[in-house]
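Inside the fold
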Amino acid sequence: MKAVVYESFSATPKIMNVEDPTPENHGVVIKVEATGVCRSDWHGWMRHDPDIVLPHVPGHEFAGIIEAVGKNVQGFKVGDRVTVPFVSGCGSCPECHGGNHQVCGNQTQPGFTHWGSFAEYVSIHHADVNLVTLPETIDFTTAASLGCRFVTSFRAVVDQGKVSAGQWVAVHGCGGVGLSAIMIANSIGANVIAVDVTDDKLELAKALGAYATINATNVADVAEAIKEITRGGAHVSIDALGHPTTCINSIKSLKKLGKHVQVGLLLAEQATPPIPMNLVIAHELEIIGSHGMQAFRYDAMLAMIKSGKLSPEKLLGQTISLEESIATLTNMDKINPPGVTIVTHF
Ligand SMILES: [Zn+2]
Ligand SMILES: [Zn+2]
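A quick note: this is a predicted structure, and the numbers were derived from the prediction, not measured.

Description of the coordination of the zinc ion (ligand 2)
Those protein atoms acting as donors to the zinc ion (ligand 2) are Cys-90 (SG), Cys-93 (SG), Cys-96 (SG) and Cys-104 (SG), and they sit at 2.3 to 2.4 Å. Taken together, the 4 donor atoms surrounding the zinc ion (ligand 2) define angles of 101 to 118° at the centre, an arrangement classified as tetrahedral. Counting gaps between the donor residues of the zinc ion (ligand 2) yields the pattern C-x2-C-x2-C-x7-C. Judged by its relative accessible area of 5%, Cys-96 falls in the buried class.

Structural notes on the domain arrangement of the protein
Quoted interface sizes are often the accessible area lost when the parts come together. Split by domain assignment, the protein resolves into domain 1 (2–149 + 293–345) and domain 2 (162–289). For domain 1 versus domain 2, the separation of C-alpha centres amounts to 27 Å. With 15 residues of domain 1 at the interface, the matching set in domain 2 holds 14 residues. Among the residues domain 1 hides against domain 2, the three largest losses belong to Arg-149, Leu-315 and Pro-338. Together they make up 38% of the total.

Remarks on the coordination of the zinc ion (ligand 1)
Protein-derived coordination of the zinc ion (ligand 1) comes from Cys-38 (SG), His-60 (NE2), Glu-61 (OE) and Cys-148 (SG), at a distance range of 2.0 to 2.3 Å. Considering all 4 donor atoms around the zinc ion (ligand 1), the spread of angles at the metal, 93 to 121°, places the coordination shape in the tetrahedral class. When the donors of the zinc ion (ligand 1) are listed by position in the chain, the intervening gaps give C-x21-H-E-x86-C. Residue classification places His-60 among the buried positions, given a relative accessible area of 0%.

Examining the environment of Thr-133
Of note, Thr-133 is situated in strand β7 (residues 132–133). For Thr-133, a relative accessible area of 48% puts it in the partly exposed group. Considered as a pair, Thr-133 and Ala-119 are 14 residues apart in the sequence and their alpha carbons are 21 Å apart. In this structure Thr-133 touches Phe-76, Arg-81, Val-82 and Leu-302, once residues within four positions along its chain are discounted.

Points about helix α11 (residues 322–330)
Leu-322, Ser-325, Ile-326, Leu-329 and Thr-330 are the residues of α11 that are buried. The buried residues of α11 all sit within an arc of 115° when viewed along its axis, so they share a single face. If you follow the buried residues of α11, they end up packed against β1 (2–5), β2 (14–17), β3 (28–37), α1 (39–45), β14 (316–321) and β15 (340–345).

Regarding the UniProt feature "domain: Enoyl reductase (ER)" (unreviewed entry) in the protein
According to UniProt, the feature "domain: Enoyl reductase (ER)" (unreviewed entry) maps to residues 8–343 in the numbering used here. Each end of residues 8–343 is marked by a C-alpha atom, and these two atoms are 22 Å apart; helix forms 30% of the span and strand 22%.

Scoring rules and cut-offs
- Residues numbered from 1 in each chain as written.
- Chains lettered and ligands numbered in written order.
- Predicted model: local features only at pLDDT ≥ 70, side-chain atom pairs only at ≥ 80, totals over all residues.
- Heavy atoms only, no water.
- Donors = N, O, S within 2.8 Å, 3.2 Å for Na, K, Ca; no water.
- Tetrahedral: all angles 85-135°; square planar, octahedral: opposite > 155°, others 65-115°.
- Buried < 20%, exposed > 50% of the residue type's maximum accessible area, 1.4 Å probe, protein only.
- Domains from an automatic or database assignment.
- Contact = heavy atoms within 4.5 Å.
- Buried area = accessible area lost by both parts, 1.4 Å probe.
- Helix = DSSP H or I, 4+ residues; strand = E, 2+ residues; numbered from the N terminus.
- Arc of directions from axis to C-beta.
- UniProt positions renumbered as here; feature names shortened; annotations may be inferred.

Structure below.
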């Protein structure tokens, strides 16, 4: 099969012909119809993720058609249209038994723990636990955009932030995660304040329902600006970028008893930001992590998509070819167009 392969970190990947994957007994092989290009792929390529073994194929947010099925798989067959959350659980550890596959101790992540979806085919483990059947109404390009940023935001806003109608929600960073969070929080009836450093992303945030926007380069203190708009602070604030500045701004922008949800990855030298624990104690703030979402929670999200409450297709950016994904990946820290870039030609 054709795949994007890198043989050393930070060196330009190549299109190569590699052996087709075969399914594990508990797994499937999926013919990739669409796959998103994500900042996590860039982090992996930069060696910010210690799990990656070279040579490697990136890609973790995709949708496609089952091509081959392992002999122990019960619930899926060749030809099924499916997607998977980027964290796949093992189905048999204490976390999985507790319904928390997103923090499985034996988790697999295509594009990190094994070869990913920047390829014609991708192998998925423990298929019965991790596959999600796609409704016919959702096309592959939109479905690919769900697997990482959209589901992560859904869990952050709905399951972890427990956002409710009328609350103030601040979203720091308006990339794919942030814009998804804005759409989801708005659909629940929250008043969302979007923060970014680029006006085009803030315009998109407004179009997706943000009540107010703040360009962080135009204000002296982002947290104070949020407190002014909300008259006291946000009930829930999300760092959707993953940077010490956005993390700390998010915590400082909370009202008393507020919740900070960390969604953006903090890696490498940014992994341990100086959290203002004095505020956490004095204001009884909650600091919550959010990491992917379980496959079984897709039903709630897909129902909101079906009813028209959520429109993930509005977050789509460019569609590109597998060849073009190389430049998109390697320039991710320099060129970052609005919306989710999806590979649709293989
Ligand atoms: Zn991703
Ligand atoms: Zn597990």
